[in-house]
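Observations on chain architecture
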Amino acid sequence: MSRLMSVTGGPYAPPVPVRELTAVSADGARLHVEVHGVNDGPVVVLSHGWTCSTAFWAAQIRELAPDHRVVAYDQRGHGRSPASSAYSTDVLADDLEAVLAATLAPGEKAVVVGHSMGGMTILAASARAGFREHAAAVLLCSTGSSRLVAEALVVPMRAGRLRTWLTRLGLSSRAPLGPVTPVSRRILKYATMGAGSSAVMVEACARIVHACPRKVRYAWARVLDGVQLDASIGELTVPAAVVVGTADRLTPPVHARALAAALPDCHGVTELAGLGHMTPVEAPGAVTGVIRELVVAYGQLGEHAHGTEVIDVRIEEGA
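Residues numbered from 1 in each chain as written. Predicted model: local features only at pLDDT ≥ 70, side-chain atom pairs only at ≥ 80, totals over all residues. Heavy atoms only, no water.

1. Things to note about the overall build of the protein
Helix and strand content of the protein: 14 helices and eight strands. Computed over C-alpha atoms, the radius of gyration of the protein comes to 18 Å, within 12% of the 20 Å expected from 2.2 N^0.38 for 319 residues, which places it in the range of a compact globule. In terms of principal-axis extent, the alpha carbons of the protein reach across some 55 × 45 × 35 Å. Buried positions account for 58% of the 319 residues belonging to the protein. Considering only intrachain contacts with a sequence separation of at least 6, the fraction spanning at least 24 residues in the protein is 80%. Carbon and sulfur atoms provide 57% of the accessible area of the protein, an area that totals close to 12500 Å². A gap of 13 Å separates the mean positions of the 28 positive and 28 negative side-chain charges of the protein. (Helix = DSSP H or I, 4+ residues; strand = E, 2+ residues; numbered from the N terminus. Rg over C-alpha atoms; globule rule 2.2 N^0.38 Å. Buried < 20%, exposed > 50% of the residue type's maximum accessible area, 1.4 Å probe, protein only. Contact = heavy atoms within 4.5 Å. Areas by Shrake-Rupley, 256 points an atom, 1.4 Å probe, with all protein chains shown as cover. Lys, Arg positive; Asp, Glu negative; His and termini not counted. Charge placed at Lys NZ, Arg CZ, Asp CG, Glu CD.)

Below, the structure is given as structure tokens:
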């Protein structure tokens, strides 16, 4: 698709999926879904964050695909999933449930991974029957449950009403991002990545973020500004690991520590020194390592025949 501006080579080039399908959410929204890897391996489901797409998970997909079944989907309005008129944490939960139903057999379990808004998606779905049917464990990566704008450190000044206002102004801007340029790369790196991030990492993230349509970026920014999911943390009863970069300016470690303290079954917190918000890109091996740890501890093997059956049916329906 023309607005997907992913890198075309190296570790951050999106792998070619084994199959693609369309999951249909509760309100009829159509979601682009990719399945990678082996049908009879443990299942991992990847939910990306604000302004990203399935391309964000390229490194994790490439590392996990040889011995896992990996499901990645585009949040509504992102990547190849069309925009809609509905934007809320409830529809995030609806969409995740739809993806799980479309790609997993009844009762089949997966490790569900969410980065940033994808982590909020997991929290929003935590009490849903469809989520609980399929989630064996989760990874909440670089995310938070509330006070996202007030706690953000993008504006380098003391916490308070002025910093919150300036942060909101920047994150909720309607201005187009335009082409990827040296200036836009520097801005993106400052806001979302650690100082040691390589040029290849920055380029990959810039191309993904700049591909997000302006109206979609603004619509989801407004949702994130008002996120209130603290009560949902207690509903997440499956084992949950937490990952955060110590230099994360968008969801700083205060969020990860609050999540860990409130989770009913916290598998552990990994703080990655010097890394920013884009941890799956900045430290692909470390994030994939936590995913594998969860799979070994809590994941269950996919049901080969049934899983394939469900996927084939959904492909025909979504064609």
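2. A look at the environment of Ser 198
Along the polypeptide, Ser 198 turns up in the loop between helix H7 (182-192) and helix H8 (199-210). Taking the relative accessible area as the measure of exposure, Ser 198 reaches 30% and is therefore partly exposed. Between the alpha carbons of Ser 198 and Arg 214 there is a distance of 26 Å; along the sequence they are 16 residues apart.

3. Some remarks on unusual backbone geometry
Within the chain, Thr 51 stands out as a residue other than glycine whose phi angle is a positive 70°. In this structure, Thr 51 sits in the loop between strand E3 (43-47) and helix H1 (58-64). Taking relative accessible area as the criterion, Thr 51 reaches 5% and is therefore assigned buried. Non-glycine residue Ser 116 carries a positive phi angle of around 55°. With respect to the helices and strands, Ser 116 occurs in the loop between strand E5 (110-115) and helix H3 (117-125).

4. Section: the packing of H7 against H8
Following both chains from N to C, one finds H7 and H8 inclined at 95°, their axes separated by 10 Å at the closest point. If you check the angle between H7 and H8, you find them roughly perpendicular. Of the residues in H8, those in contact with Ser 184, Arg 185, Leu 188 and Lys 189 of H7 are Val 202, Glu 203, Cys 205, Ala 206, Val 209 and His 210. Among the residues forming the contact of H7 with H8, the class breakdown is five nonpolar, two polar and three charged. (Axes fitted to C-alpha atoms, helices over the stretch in contact; angles between N-to-C directions. Parallel < 35°, antiparallel > 145°, perpendicular 65-115°, else oblique. Nonpolar A, V, L, I, M, F, W, Y, C, P; charged D, E, K, R; others polar.)

5. Considering the packing of aromatic side chains
Each aromatic ring pair is summarised here by two numbers: the centre-to-centre distance and the angle between the ring planes. Under the criterion given, the structure shown has two aromatic pairs. For the pair Phe 56 and Trp 57, a centre-to-centre distance of 5.6 Å together with 85° between the ring planes defines the contact as edge-to-face. Taking relative accessible area as the criterion, Phe 56 reaches 2% and is therefore assigned buried. Summarising the aromatic geometry, the rings of Tyr 87 and Trp 220 are spaced 5.1 Å apart at their centres and angled 90° between planes, so their arrangement reads as edge-to-face. (Phe/Tyr/Trp six-rings, centres within 6.5 Å; stacked < 30°, edge-to-face > 60°.)

Everything listed here is a matter of geometry and, on its own, says nothing about what the molecule does.
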